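Observations on chain architecture
This is what each chain is made of:
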Amino acid sequence: EALKAIKDPDKTVIVVPDPESVIPLLSRIASSVGPLNVSMGYPVKRSSLYHLFECLFKAQDTKKDGAYYTRDYLRLLSHPLVKNLSISGESAMTRVLCHKVEEALVGMESSPLNGSLFVSLDEILSDGPLFEAALDTSKRMDVGITARQDLENALATLHKVLFKDWEKVNDFYGFSLCLDALLDVLLRHSLLEKYPLNLKIADKIYEISDEFKNASFKDEIFPTEDIFKIFKNKLDSEMVSFSGSRATARLNGLQVLGLFETRSLSFENVIIM
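Structure report, in brief. (Residues numbered from 1 in each chain as written. Predicted model: local features only at pLDDT ≥ 70, side-chain atom pairs only at ≥ 80, totals over all residues. Heavy atoms only, no water.)

**With respect to the nonpolar core**
What counts, and what does not: Within this scheme, the nonpolar core is defined by two criteria: the residues are buried Ala, Val, Leu, Ile, Met, Phe, Trp, Tyr or Cys, and they are joined through side-chain atoms within 4.5 Å. Remark: exposure states derive from per-residue accessible area (1.4 Å probe, protein chains only) relative to the maximum for the residue type, with buried under 20%, exposed over 50%, and partly exposed in between. Contacts are assigned to residue pairs with any non-hydrogen atoms lying within 4.5 Å of each other.
Membership of the largest hydrophobic core comes to 64 residues, with the highest contact counts inside it found for Leu 49, Tyr 73, Trp 166, Phe 175 and Phe 231. Other than its neighbours up to four places away in sequence, Phe 231 contacts Phe 53, Phe 57, Phe 175, Leu 179, Ile 205, Ile 208 and Phe 212. Among the nonpolar cores identified, the runner-up in size contains 10 residues, and Val 22, Ile 29, Val 33 and Leu 254 belong to it.

So, in structure tokens, the structure goes:
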């Protein structure tokens, strides 16, 4: 509403003290204000990729005797970046498969896995009725899946990159390999490329992976939870810039700046969020 009354966006700045407000702001105004420049960074810890790794590390942390805590298993499998992967055809097939796994585990469908507090990956892959139910739904939706083996292969792939590979992590070199493998799958089979900010965050994580590969301690044995914690702490402090952003240069169009980036700058109109 404040922007509607402004006739000259080139002489206007929106000051955003909290970087976490940038995405909601841009979502609301981007289609109506014309050219704009965002000179502040966005925290990686607010991204969907960061949340995915949180779910992944939690699943490994609560694993017991080779079986996964059902709640954390489903939390990771149901993550938007996971259930929308187009691993063996359309993403709709993966969504159907993930939903049927959830229904089997929580008791919405008849399955020997109903009500299991902990579940092993092999138990899930050997649940025939689960795949038959997923195949039946896939055929009704006409998503191009006609063989149960396709569904089994898709779930096996998800289990590998999200669960099995991470069970063996005990040094930073191995951790970086798992990191690269998961990012590769996301870039090839997810909607990540449709969101430039997520692509920048993926590039940042690839950079961190390369750092770990070349570190002097890359082959040293560490407790898995310590490796996860170090990686997470590193992400906590990382920021990514928006396309076309500048820290000091004054560009054409509406300006979106952080609180401390406005020092020594003069604008005719100032809006503070």
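**Some thoughts on helix α10 (residues 196-214)**
Owing to its 3.6 residues per turn, the α-helix aligns residues three or four sequence positions apart on the same side. The condition that has to hold: A run of H or I in DSSP becomes a helix once it reaches four residues, and a run of E becomes a strand once it reaches two; helices and strands are each numbered from the N terminus. A helix's residues, less one, multiplied by 1.5 Å, set its expected span.
The terminal C-alpha atoms of α10 lie 27 Å apart, and with 19 residues this matches the ideal 27 Å at 1.5 Å per residue to within 8%. Residues of α10 that are buried: Leu 197, Asn 198, Ile 201, Ala 202, Ile 205, Tyr 206, Ile 208, Ser 209, Phe 212 and Lys 213. Looking at the buried positions of α10, the neighbouring elements they touch are α1 (22-29), β3 (41-43), α2 (48-61), α9 (172-189), α11 (224-236) and β6 (239-241).

**Regarding the packing of aromatic side chains**
Quick reminder of the rule: Pairing of aromatic side chains requires ring centres within 6.5 Å, counting the rings of Phe and Tyr and the six-membered ring of Trp. Pairs whose planes differ by under 30 degrees are stacked, by over 60 edge-to-face, and all others tilted.
In this structure the tally under the stated criterion is 19 aromatic pairs. Pairing Phe 53 with Phe 57 gives two aromatic rings, centres 6.0 Å apart and planes at 35°, and the pair type is tilted. Residue Phe 53 and its partner Phe 57 are both found in helix α2; the two are separated by 4 residues, about one turn of the helix. With relative accessibility at 9%, the residue Phe 57 sits in the buried group. Where Trp 166 meets Phe 175, the ring centres are 5.6 Å apart and the plane angle is 70°; that geometry is what we call edge-to-face. Phe 175 carries the same exposure label as Trp 166, and that label is buried.

**Quick notes on the packing of α2 against α11**
Formally: Lines are fitted to the C-alpha atoms to define the axes, a helix being fitted only along its stretch in contact, and any angle between axes, read from their N-to-C directions, falls within 0 to 180 degrees. An angle below 35 degrees is read as roughly parallel, one above 145 as roughly antiparallel, one from 65 to 115 as roughly perpendicular, and any other as oblique. Two helices cross in a left-handed way if the nearer one is turned anticlockwise from the farther one by less than a right angle. They cross in a right-handed way if the turn is clockwise.
Viewed as axis vectors pointing N to C, α2 and α11 meet at an angle of 165°, and their least axial separation amounts to 11 Å. In terms of orientation, α2 and α11 fall into the roughly antiparallel class. Classified by chirality, the crossing of α11 by α2 is left-handed. Judged by residue contacts, Tyr 50, Phe 53, Glu 54, Phe 57 and Gln 60 of α2 engage Phe 228, Phe 231, Lys 232, Leu 235 and Asp 236 from α11.

**Some remarks on α1**
Stated precisely, the cut-off is as follows: Directions from the helix axis toward the C-beta atoms define the arc.
By the burial criterion, the buried members of α1 are Val 22, Leu 25, Leu 26 and Ile 29. Projected down its long axis, α1 shows its buried positions confined to an angular sector of 95°, all on one face. Opposite its buried face, α1 presents the exposed residues Pro 24, Ser 27 and Arg 28, each directed more than 90 degrees away. Against the buried residues of α1 lie β1 (12-15), β2 (36-38) and β7 (254-257).

**A word on the packing of α10 against α11**
Stated precisely, the cut-off is as follows: By the convention adopted, Pro, Cys, Tyr, Trp, Phe, Met, Ile, Leu, Val and Ala count as nonpolar, Lys, Arg, Asp and Glu as charged, and the other residues, Gly among them, as polar.
Packing of α10 against α11 leaves a shortest axis separation of 12 Å and a crossing angle of 135°. It follows that α10 is oblique to α11 by the angle criterion. α11 is crossed by α10, and the crossing has right-handed handedness. Of α11, the residues touching α10 (which contributes Ile 205, Ile 208, Glu 211 and Phe 212) are Phe 231, Lys 234 and Leu 235. Across the contact of α10 with α11, the residue classes tally to 5 nonpolar, no polar and 2 charged.

**Considering unusual backbone geometry**
A positive phi angle is found at Asp 65, which is not glycine, with a value near 50°. According to the relative accessible area criterion, Asp 65 is exposed, its value standing at 78%.

**Some thoughts on the pairing of β1**
The criterion, for reference: One bridge is not enough; two strands pair if DSSP finds at least two bridges between them.
Taking every second residue as pointing to the same face, both faces of β1 are buried, with Thr 12 and Ile 14 on one and Val 13 and Val 15 on the other. When β1 meets β7, the two strands line up parallel, connected through 3 bridges. Within β7, the position partnered with Val 13 by the bridge is Gln 255.

**Description of the pattern of salt bridges**
Keep this limit in mind: A pair is scored as a salt bridge if a Lys or Arg side-chain nitrogen falls within 4 Å of a carboxyl oxygen belonging to Asp or Glu.
Applying the stated criterion to the full structure yields 9 salt bridges. Here Glu 152 and Arg 148 are joined by a salt bridge, their closest N and O atoms 2.6 Å apart. Here Glu 152 and its partner Arg 148 are both found in helix α8 (residues 148-167), 4 residues apart, which amounts to about one turn of the helix. Since its relative accessible area comes to 18%, Glu 152 is described here as buried. Accessibility expressed as a relative area gives 29% for Arg 148, which makes it partly exposed. Between Asp 210 and Lys 213 there is a salt bridge, with its nearest N and O atoms 3.5 Å apart. With a gap of 3 residues between them, Asp 210 and Lys 213 both fall in helix α10, about one helical turn apart. Note on Lys 213: relative accessible area 15%, which makes it buried. Through salt bridges with shared partners, a single network forms among Glu 132, Arg 148 and Glu 152.

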